[in-house]
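Observations on the three-dimensional arrangement
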Amino acid sequence: QVQLVESGGGSVQFGGSLRLSCAASGSIYSSIVAWFRQASGREREGVAGISSKNGFTHYAASVAGRFTISIDNAKKTVYLQMNSLKPEDSAMYYCASRQVGTWYGEPLGTAAEFEYWGQGTQVTVSS
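One structure accompanies this document, and this report is about it. (Residues numbered from 1 in each chain as written. Predicted model: local features only at pLDDT ≥ 70, side-chain atom pairs only at ≥ 80, totals over all residues. Heavy atoms only, no water.)

**Overview of the sheet that holds strand S1 (residues 3–7)**
Taken in spatial order, the four strands make up an open sheet running S1-S3-S8-S7, and their pairing is antiparallel. Taken across any chain shown, the strands that pair with only one partner, and hence form the sheet edges, are S1 and strand S7 (67–72). Neighbour-to-neighbour, the strand axes of this sheet turn through a mean angle of 15 degrees, independent of strand direction. Pairing of strand S3 (residues 18–25) with strand S8 (residues 77–82) involves six bridges; the strand directions are antiparallel. (Pairing = 2+ DSSP bridges. Helix = DSSP H or I, 4+ residues; strand = E, 2+ residues; numbered from the N terminus. Axes fitted to C-alpha atoms, helices over the stretch in contact; angles between N-to-C directions.)

**Examining the pairing of S3**
Sheet analysis places S1 next to S3, joined by five bridges and oriented antiparallel. Of the residues in S3, the one forming a bridge with valine 5 is alanine 23.

**Here's the deal with the packing of aromatic side chains**
The full count for this structure, using the stated rule, is five aromatic pairs. Their ring planes at 80 degrees and their centres at 6.3 Å tell us that tyrosine 94 and tryptophan 117 sit as a pair that is edge-to-face. Remark: tryptophan 117 occurs in strand S10 (residues 116–117) and tyrosine 94 occurs in strand S9 (residues 91–99); sequence separation between them is 23 residues. Given a relative accessible area of 13%, tyrosine 94 falls into the buried group. Members of the aromatic cluster, connected to one another through ring pairs, are Phe36, Tyr94, Phe114 and Trp117. Lying over the aromatic face of tyrosine 94, arginine 44 brings its terminal NZ or CZ to 3.8 Å of the ring centre. Sitting over the face of the ring of tryptophan 117, arginine 44 holds its NZ or CZ atom 4.8 Å from the ring centroid. (Phe/Tyr/Trp six-rings, centres within 6.5 Å; stacked < 30°, edge-to-face > 60°. Buried < 20%, exposed > 50% of the residue type's maximum accessible area, 1.4 Å probe, protein only. Lys NZ or Arg CZ within 6 Å of the ring centre and 35° of its normal.)

Below you can see the structure in the form of structure tokens.
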């Protein structure tokens, strides 16, 4: 069983930065840990993911070059550094994980494929 706890959300202005954290309890060995987001009235979408085994990453096109995902395996914590934030980045951000044998940064897949979820942290970007 894995429990995920997000932190670091908040309100920023256009062009600002935030860093989200996802602290895991339980094993995330050989897992993808990912950030999803869901804006009001929209489907949950994958933003970025990282392999706990080999460090490979994947980013959605909408955030590539602005967001950076990283992992501290010793702390079992995954970070999402978000720079150059835009109003369209406003959403509830969720941390999720699923076990996987080998992953080399392929697309994350759907939210339904992820087993464990945190409660979410709100990000609001004003123009």
